[in-house]
Amino acid sequence: MTPVLEARGLEIAYGNARAVDGVDLEVRQGEIVALVGESGCGKSSLARALVGLVRPTRGEIRHLGTPLDYRRLKEYRRHVQLILQDPGGALNPRQTVHAAVAEGPRLHGLKGDRVTSALARAGLRPPEDYLRRYPHELSGGQQQRVVIAGALALEPSVIVADEPVASLDASVRGEILKLILGLRDELGMSALVVSHDLGLAWNIADRVAVMYLGRIVETGTVEEVLIRPRHPYTRAMLAAASGTATPLQGEPPDPARIPPGCRFHPRCASRTDECGSIDPPVRAGVACHLASLHLTPLEEIS
Ligand code: SF4
Ligand code: MG
């Protein structure tokens, strides 16, 4: 089946910094993909490019097989909606909930009342109770539901959510994640959820893509990537998250100075001589010369 959203050979350069440096990624219909990695690895640049907000320097983005045509961006953005971390910043403080959710359909010339059904879909029930409220009269979780309702009112085929719960209280994070899961299960919607949090990926995703210094270094199902990780970077992140190892040492990644060979080699405990000169190709979802050797379950290494 044609992926709902694809990036092929995507590159985004800002001056001499390559924030995204040759990314292939796909989101299939009805699945949730978690894009994980340390802050500064290029996740947000990639997310913005996928919704058409940033124009890549090279490569292509496709929606249901059709390349993104920047002359028809408005039409594209109806189908591929972005949800950001901070709902307070995304909502206009002087706009009621009704006006906020009605705005997208109005801009796109869509008919019919889509507001109440979108609010109900986003878990704001009964929707009539919310229509005349302003953002400051809502909790952070309710604000994020309004933002999600605004996206749903356009009936997109895929949502790109950049750290959708990072600014919310721990108590409501689970509810928002459950809402996103419900959109997949009940509407067959697809989503790319960007997060630095591996626990979130575990809870919500069907597949995981791990990004390091502008490149996807490992992809696979949640079980493959988070239980049987093969890339040394994924293994280091998981070990640090589970408290069995200290966080990664060494130079923090700098997209203006991408190391030669394997970009992870200055921080990799498993590196060999070839790693400093030969860029590992992606094989079976992993960009590492030694990937086939790294099949030991994580608990057995320490
Ligand atoms: Fe480490 Fe070499 Fe694999 Fe890169 S290619 S992750 S340096 S072992
Ligand atoms: Mg970010």
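Refer to the structure printed above.
Rules behind the numbers
Residues numbered from 1 in each chain as written. Chains lettered and ligands numbered in written order. Predicted model: local features only at pLDDT ≥ 70, side-chain atom pairs only at ≥ 80, totals over all residues. Core = buried A, V, L, I, M, F, W, Y, C linked by C-beta atoms within 7 Å. Buried ≥ 20, exposed ≤ 12 C-beta atoms within 10 Å, placed from the backbone. Helix = DSSP H or I, 4+ residues; strand = E, 2+ residues; numbered from the N terminus. Contact = placed C-beta atoms within 7 Å. Axes fitted to C-alpha atoms, helices over the stretch in contact; angles between N-to-C directions. Parallel < 35°, antiparallel > 145°, perpendicular 65-115°, else oblique. Left-handed = near helix turned anticlockwise from the far one by under 90°. Nonpolar A, V, L, I, M, F, W, Y, C, P; charged D, E, K, R; others polar.

Some points on the nonpolar core
Most often, soluble globular proteins have nonpolar side chains that are buried together. Membership of the largest hydrophobic core comes to 85 residues, with the highest contact counts inside it found for Leu50 and Leu192. For this core, the element with the highest residue contribution is helix H6 (residues 140-152), accounting for six residues. For Leu50, the contacting residues outside a window of four places in its chain are Leu5, Ala7, Ile61, Val80, Val160 and Leu192.

Digging into the environment of Arg283
By secondary structure assignment, the location of Arg283 is in the segment after helix H10 (232-241). Sequence spacing of Arg283 and Glu218 is 65 residues, and the spatial spacing of their C-alpha atoms is 9.3 Å.

As for the environment of Arg94
Relative to the elements of secondary structure, Arg94 occurs in the loop between helix H3 (87-90) and helix H4 (97-107). Separated by 124 residues in sequence, Arg94 and Glu218 have C-alpha atoms that sit 44 Å apart.

What to know about the packing of H4 against H6
Each pair of packed helices can be described by the angle between their axes along with the distance between the axes. Put simply, H4 and H6 touch, their axes get as near as 7 Å, and they point 30 degrees apart. As judged from the angle between their axes, H4 and H6 are roughly parallel. In this structure, H4 meets H6 at a crossing whose hand is right-handed. Where H4 approaches H6, its residues Val97, Ala100, Val101, Glu103 and Gly104 are matched on the opposing element by Val146, Ala149 and Gly150. Of the residues contributing to the contact of H4 with H6, the split by class is five nonpolar, two polar and one charged.

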